[in-house]
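# Topology and contacts: notes
As a plain string of letters, each chain reads:
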Amino acid sequence: MIERTSLLPTPLQSGGIPVADDPIILAFGAAYLLIVVLIGAWGYMRTQTTGDFLITGKSIGTWVLAMTAFSVIQSGFGFVGGPELVYAFGTTSLWIFFTAPFGFLLTWVVLAKRLRLLADIRNVLTLADGMYVRYESDWVRGLTGLAVIVGVIAYLATNLAALQFVMRAIFGIPVIWGLLGGALILLLYSMLGGMIAGVWTDFLQALTMITGAVFVFAYAMSVGGGMGTISRNLATADPALVSPFGAMGEATTAVLVGIAWWILFSVGAAGQPHLITKFYMSRNLEILKWGAPIAALSYAVSSLIAFSAGLSMRSMVEAGEIAETFSASEVGPVFVLEYTPSIVAGLILAALLAAIMSTSDSFLNIGAAAVSRDIPRALGQPIEDDKTELRVTQAALAGLTILSTGVVYYSETLVGILGTIGWGFFAAAFVPIAVFGMNWKGATKWGAIASIVGGLTVNILYSAIPMAADVAGYGGLASGIMAFYPFPDAFPVGTVALLVAVVLFIGVSLATQEWEELPTDLHPLLEH
């Protein structure tokens, strides 16, 4: 079923990626790509205005909302980045996967109803629109748009990095062509269908990923000899791999990292714009009621892929049952192709293609809207004609796709680490201004400005600049910057940035409350 090929070093890839030579898997992959393009064409016919393109014209129901919310968070990270992190660091990664479902519950409680009502009170299509309404500040609007663009590039790169592996696994093409070809298909799909196409592809792939996760878990436990055998093999090799806090650093560091990831991936969920702007799209308030438990449970089940495949593969390597002829980034595709039947492998890999495409579509839409709508309005130069704004939004998709593809090509960062960087950018920038701002009348525009600037500064200083310096061959510069990082290297920068942003938001808001008044029409909203 598998042939291994020796490749020259390519982006994010250090060994031979397994290639399916099974016509069933190839048929699944081709069929899914065709379905994605057809959904994009259908979405194009349904898209008449910028509102249709960005928020589906407020047309989606409970199950579609819940499934698209879960799937845009899971995406390629859950299948490629997830097994990669579990394989590399053991149970440390479970502090992401077992706490993220709580993030859905928290996000629904603190934001869902308020953001949906906000979409009715004012004409808001983007997160920056909503924050402008809340704070009545072009500075807040502009900084929100800027933060969205920066985070989108990092997070979109995560999905494109995963996409190159999946394209290679299904179609047997070189990794670089998987990256470029996948990016081109994504761009076509996104420019055609907008968010209408995205949410329905999300719904389809969410159901497929849940089904596939159950199969992967069953096969992973079987080939690994059961959880008891897996645990013994890992504990023999390194007890930290199955300890409560995993193997990312020494004991104290591992505890700090586990807690930091818990904060980042539970509280930080409420700052992910590709998640929270989904609330604008709901048909009415009533359908929000059951969305949180559906999304949380779906995410938990889908995480079985990362948990079981990562631990089972590491266990077999440590026991000497298989040779480690793959990199950590390849664990997910290798397991599915090596140890599951053709139909299951085809189903999962095809679902992953759809997951990456639809999630990337969400990122591209919010990022392009920041370019065409949020930044111009913040500068006092809005695009007045709706058709022109729609076309500029679609053009911005191309630029963001090219930038993100470049990040993947030139970076050797793990898919999972790229994902945590993107998540951290969004969490620090938007948790304070959205969660506190939509629940606290005392929040001010000065607090919002300070928190966005502070969160972005920490993330750029300790994440973006060191990574760019390493890629450019200036490792000394990166090391020099990180020498001033006050925590262990494994401690996620996103958590530090989030905590700094929260402190700045609360402190500056308290100091500037007497200078501002909440807009009159928002009083009932914040009291709701």
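As the structure is a computational prediction, the values presented were derived from the model and not from experiment.

## Quick look at the packing of helix 10 (residues 251-266) against helix 20 (residues 493-512)
In the contact formed by helix 10 and helix 20, the axes pass within 9 Å of each other and the chain directions differ by 60°. In this structure, the crossing between helix 10 and helix 20 has a hand that is left-handed. For the pair helix 10 and helix 20, the contacting residues are Ala260, Trp261, Ile263 and Leu264 in the first and Gly494, Thr495 and Leu498 in the second. Its residues assigned to classes, the contact of helix 10 with helix 20 comprises 5 nonpolar, 2 polar and no charged.

## Topic: the nonpolar core
A general tendency of soluble globular proteins is for nonpolar side chains to be buried together. Phe104, Trp108, Leu111 and Met313 are the most contacted members of the largest nonpolar core, which totals 149 residues. Counting residues in hydrophobic clusters, the runner-up holds 10 residues, among them Val458, Tyr462, Ile481 and Phe491.

## A short note on helix 9 (residues 226-237)
For helix 9, spanning 12 residues, the distance from its first C-alpha to its last is 17 Å, which sits close to the expected 16 Å at 1.5 Å a residue. Where helix 9 is concerned, the buried positions are Gly226, Ile230, Asn233 and Leu234. Projected down its long axis, helix 9 shows its buried positions confined to an angular sector of 105°, all on one face. Residues Arg232 and Thr236 are exposed on helix 9 and point more than 90 degrees away from its buried face.

## Overview of the confidence of the model for the protein chain
Mean pLDDT over the protein chain: 80, with 88% of residues reaching 70 or higher. Per-element confidence in the protein chain is highest for helix 20, whose mean pLDDT is 95, and lowest for strand 1 (residues 2-3), whose mean pLDDT is 34. Predicted confidence for residues 1-15 stays below pLDDT 50, and this span has 50 contacts to residues more than four positions away or in other chains.

## Some details on the packing of helix 5 (residues 100-121) against helix 12 (residues 291-302)
In contact at an axis separation of 8 Å, helix 5 and helix 12 are set at 165° when each is read in the N-to-C sense. In terms of orientation, helix 5 and helix 12 fall into the roughly antiparallel class. As for the relative orientation of helix 5 and helix 12, their crossing is right-handed in sense. Contacts between helix 5 and helix 12 involve Ala100, Pro101, Phe104, Leu105 and Trp108 from the first element and Gly291, Ala292, Pro293, Ala295, Ala296, Tyr299 and Ala300 from the second. A class-by-class count of the residues in the contact of helix 5 with helix 12 yields 11 nonpolar, 1 polar and no charged.

Quick notes on the rules
- Residues numbered from 1 in each chain as written.
- Predicted model: local features only at pLDDT ≥ 70, side-chain atom pairs only at ≥ 80, totals over all residues.
- Heavy atoms only, no water.
- Axes fitted to C-alpha atoms, helices over the stretch in contact; angles between N-to-C directions.
- Helix = DSSP H or I, 4+ residues; strand = E, 2+ residues; numbered from the N terminus.
- Left-handed = near helix turned anticlockwise from the far one by under 90°.
- Contact = heavy atoms within 4.5 Å.
- Nonpolar A, V, L, I, M, F, W, Y, C, P; charged D, E, K, R; others polar.
- Core = buried A, V, L, I, M, F, W, Y, C linked by side-chain atoms within 4.5 Å.
- Buried < 20%, exposed > 50% of the residue type's maximum accessible area, 1.4 Å probe, protein only.
- Expected span 1.5 Å × (residues − 1).
- Arc of directions from axis to C-beta.
- pLDDT = per-residue confidence, 0-100.
- Parallel < 35°, antiparallel > 145°, perpendicular 65-115°, else oblique.

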